[in-house]
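Commentary on secondary and tertiary structure
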Amino acid sequence: MATNITWHANLTHEERKQLAGQSGATIWLTGLSASGKSTVACALEQNLLKRGISSYRLDGDNVRFGLNKDLGFSEEDRNENIRRISEVSKLFADSCSISITSFISPYKQDRLKARELHAESNLPFIEVYVDVPLEVAEQRDPKGLYKKAREGIIKNFTGISDPYEAPESPEIHIKTHENTVEECVEIITEYLIKKELIK
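In this text, all values refer to a predicted model and were calculated from it rather than measured experimentally. (Residues numbered from 1 in each chain as written. Predicted model: local features only at pLDDT ≥ 70, side-chain atom pairs only at ≥ 80, totals over all residues. Heavy atoms only, no water.)

With that settled, consider the packing of aromatic side chains. All chains considered together, the criterion is met by 5 aromatic pairs. Ring geometry for W28 and F125: centres 5.6 Å apart, planes at 40°, overall tilted. One end of the pair, W28, is in strand 1 (residues 25–30); the other, F125, is in strand 4 (residues 125–131), and 97 residues separate them in sequence. A residue is classified by how much of its surface remains accessible, and F125, at 8% relative accessible area, is buried. A cation sits over an aromatic face here: R64 above F73, 3.9 Å from the ring centre. (Phe/Tyr/Trp six-rings, centres within 6.5 Å; stacked < 30°, edge-to-face > 60°. Helix = DSSP H or I, 4+ residues; strand = E, 2+ residues; numbered from the N terminus. Buried < 20%, exposed > 50% of the residue type's maximum accessible area, 1.4 Å probe, protein only. Lys NZ or Arg CZ within 6 Å of the ring centre and 35° of its normal.)

The next subject is the UniProt feature "domain: APS kinase" (unreviewed entry) in the protein. As annotated in UniProt, the feature "domain: APS kinase" (unreviewed entry) corresponds to residues 24–175 in the numbering used here. Helix makes up 39% of residues 24–175 and strand 18%, with an end-to-end C-alpha separation of 26 Å. (UniProt positions renumbered as here; feature names shortened; annotations may be inferred.)

Our focus in this paragraph is a negative patch on the surface. Together, E182, E183, E186 and E190 line one region of the surface with negative charge. Position of E190 relative to the elements: it lies in helix 7 (residues 181–194). Judged by its relative accessible area of 47%, E190 falls in the partly exposed class. (Patch = residues over 30% accessible without salt bridge, like charges linked within 9 Å, V, L, I, M, F, W, Y side chains within 5 Å. Areas by Shrake-Rupley, 256 points an atom, 1.4 Å probe, with all protein chains shown as cover. Salt bridge = Lys/Arg side-chain N within 4 Å of Asp/Glu carboxyl O. Lys, Arg positive; Asp, Glu negative; His and termini not counted. Charge placed at Lys NZ, Arg CZ, Asp CG, Glu CD.)

A word on the pattern of salt bridges. Counted by the stated rule, this structure contains 11 salt bridges. Between E45 and R57 there is a salt bridge, with its nearest N and O atoms 3.7 Å apart. Here E45 is found in helix 2 (residues 37–50), whereas its partner R57 is found in strand 2 (residues 55–59), with 12 residues between them in sequence. R57 matches E45 in its accessibility class, with the two residues each being buried. With a shortest N-O distance of 2.7 Å, E151 and K147 are connected by a salt bridge. For E151, a relative accessible area of 46% gives the class partly exposed. Taken together, the shared-partner salt bridges connect D70, E80, R83 and R84 into one network.

In terms of nonpolar packing, the biggest core is built from 22 residues, with I27, I126, V128 and I188 touching the most fellow members. Counting residues per element, the ones that place at least two in this core are strand 1, helix 2, strand 3 (98–102), strand 4, strand 5 (172–175) and helix 7. Residue contributions to this core peak at 5 residues, all from helix 7. Discounting chain neighbours no more than four positions away, the residues touching I126 are A25, T26, I27, W28, E171, I172, Y191, L192 and L197. Counting residues in each nonpolar core, the second largest holds 10 residues, with V136, A137, Y146 and A149 among its members. (Core = buried A, V, L, I, M, F, W, Y, C linked by side-chain atoms within 4.5 Å. Contact = heavy atoms within 4.5 Å.)

With that settled, consider the environment of Y107. Counting through the fold element by element, Y107 comes out in the loop between strand 3 and helix 4 (108–120). As for Y107 and S54, which are separated by 53 residues in sequence, their C-alpha atoms are 29 Å apart. Those residues within four positions of Y107 in sequence are excluded, and the remaining contacts are E75, R78, N79, D162, P163 and E165.

Here we take up the packing of helix 3 (residues 75–94) against helix 4. Two elements in contact, helix 3 and helix 4, have axes separated by 9 Å at closest approach and are oriented at 25°. By the angle between their axes, helix 3 is roughly parallel relative to helix 4. As for how helix 3 packs across helix 4, the hand of that crossing is right-handed. Residues R78, N79, I82, S86, E87, S89, K90 and A93 of helix 3 form the contact with helix 4, whose participating residues are D110, A114, L117 and H118. The class makeup of the residues in the contact of helix 3 with helix 4 is 4 nonpolar, 4 polar and 4 charged. (Axes fitted to C-alpha atoms, helices over the stretch in contact; angles between N-to-C directions. Parallel < 35°, antiparallel > 145°, perpendicular 65-115°, else oblique. Left-handed = near helix turned anticlockwise from the far one by under 90°. Nonpolar A, V, L, I, M, F, W, Y, C, P; charged D, E, K, R; others polar.)

Shown next as structure tokens:
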């Protein structure tokens, strides 16, 4: 860990809110692979941008092409993956943008740390459990990952050989096998309006 560093203060978050004309927050989508996280996240980002709200989506696969390309899928690497995304999403939220993350993030402790990191800076953290039964996720399997996991080709696969610890009390609980993408986006958007995070 670097020790010869000093935090360089700039505008306060409240000053940014006044200048930006909006609040920042992190919307953290968690769920099994093929639960619909990325699909909902994309649609949500489009909806917010159409409303004139600054937002940005951080996708589990996309960040592994750059920021997290040095990480694998062991429990240790998954923990580090989520730690980095927690820090990045907090920066977006602090900039008064709506950060939308779509990561399996299978471990409760990692999601709790992400929440606590935001709480330390008084930034809203909204956990969205994108819930589908395992059999539905396997039926969808758009990347063929479950099939490979069942065949033993992919190791450390969440829901098959690795655990998924479902949220016990998320702010929002959506079921993509029961609701359309549009309905899921509406549920999240209505929550943001109710909490006065967007107009």
